[in-house]
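Structural overview for review
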Amino acid sequence: MRLTMVIKQGKSGYLVGQLKEIPEVFTQGKDMKELKENILDALELYFEDIREQYNPMGDMIAEEELNFV
């Protein structure tokens, strides 16, 4: 899976990153290394939140985790 991070210059010298495919995921960092680390953390938190809110319709047969590299 590939995601695109859009990077903008923020205030106070920080970089601001937002995922193009999931615009709800955004963060900031002092440099590119920190920004990439922070966007991965933000994506993980986003998915955790979605999982907690998930309420399936109908009878769920199974649940299985998938790992994308």
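Calculation rules
Residues numbered from 1 in each chain as written. Predicted model: local features only at pLDDT ≥ 70, side-chain atom pairs only at ≥ 80, totals over all residues. Heavy atoms only, no water. Core = buried A, V, L, I, M, F, W, Y, C linked by side-chain atoms within 4.5 Å. Buried < 20%, exposed > 50% of the residue type's maximum accessible area, 1.4 Å probe, protein only. Helix = DSSP H or I, 4+ residues; strand = E, 2+ residues; numbered from the N terminus. Salt bridge = Lys/Arg side-chain N within 4 Å of Asp/Glu carboxyl O. Patch = residues over 30% accessible without salt bridge, like charges linked within 9 Å, V, L, I, M, F, W, Y side chains within 5 Å. Areas by Shrake-Rupley, 256 points an atom, 1.4 Å probe, with all protein chains shown as cover. Lys, Arg positive; Asp, Glu negative; His and termini not counted. Charge placed at Lys NZ, Arg CZ, Asp CG, Glu CD. Pairing = 2+ DSSP bridges. Axes fitted to C-alpha atoms, helices over the stretch in contact; angles between N-to-C directions. Contact = heavy atoms within 4.5 Å.

So, the nonpolar core
Core analysis: the largest hydrophobic core is formed by 6 residues, namely Leu19, Ile22, Val25, Ile39, Ala42 and Leu43. The element contributing the most residues to this core is helix H1 (residues 32-53), with 3 residues.

Concerning the pattern of salt bridges
All chains considered together, the criterion is met by 1 salt bridge. Put simply, Lys33 and Glu37 hold a salt bridge, and the shortest N to O gap is 3.0 Å. Residue Lys33 and its partner Glu37 are both found in helix H1; the two are separated by 4 residues, about one turn of the helix.

Quick word on a negative patch on the surface
Taken together, the side chains of Asp41, Glu44, Glu48, Asp49 and Glu52 make up a negatively charged region of the molecular surface. Residue position: Asp41 is located in helix H1.

Looking at the sheet that holds strand E3 (residues 26-29)
Overall, antiparallel pairing links the 3 strands, which are arranged E1-E2-E3 in an open sheet. A single partner strand is all that each edge strand has here, and the edge strands are strand E1 (5-9) and E3. On average, each strand axis in the sheet is inclined to that of its neighbour by 25 degrees, with strand direction left out of account. Sheet contacts for H1: E1, strand E2 (15-19) and E3; angle to E3, the most-contacted strand, approximately 155 degrees.

Details of a nonpolar patch on the surface
On the surface, a cluster of nonpolar side chains totalling about 460 Å² of accessible area is made up of Met1, Leu3, Leu66 and Phe68. Within the fold, Leu66 resides in the segment after H1.

Overview of the environment of Leu35
Looking at where Leu35 falls in the secondary structure, it is placed in helix H1. For the pair Leu35 and Glu52, spaced 17 residues apart in the sequence, the C-alpha separation amounts to 26 Å. Ignoring anything within four residues of it in the chain, the contact list for Leu35 reads Met5, Ile7, Leu15, Val16, Gly17, Thr27, Gln28 and Gly29.

So, to be careful, I would describe these as geometric facts and stop short of saying anything about function.
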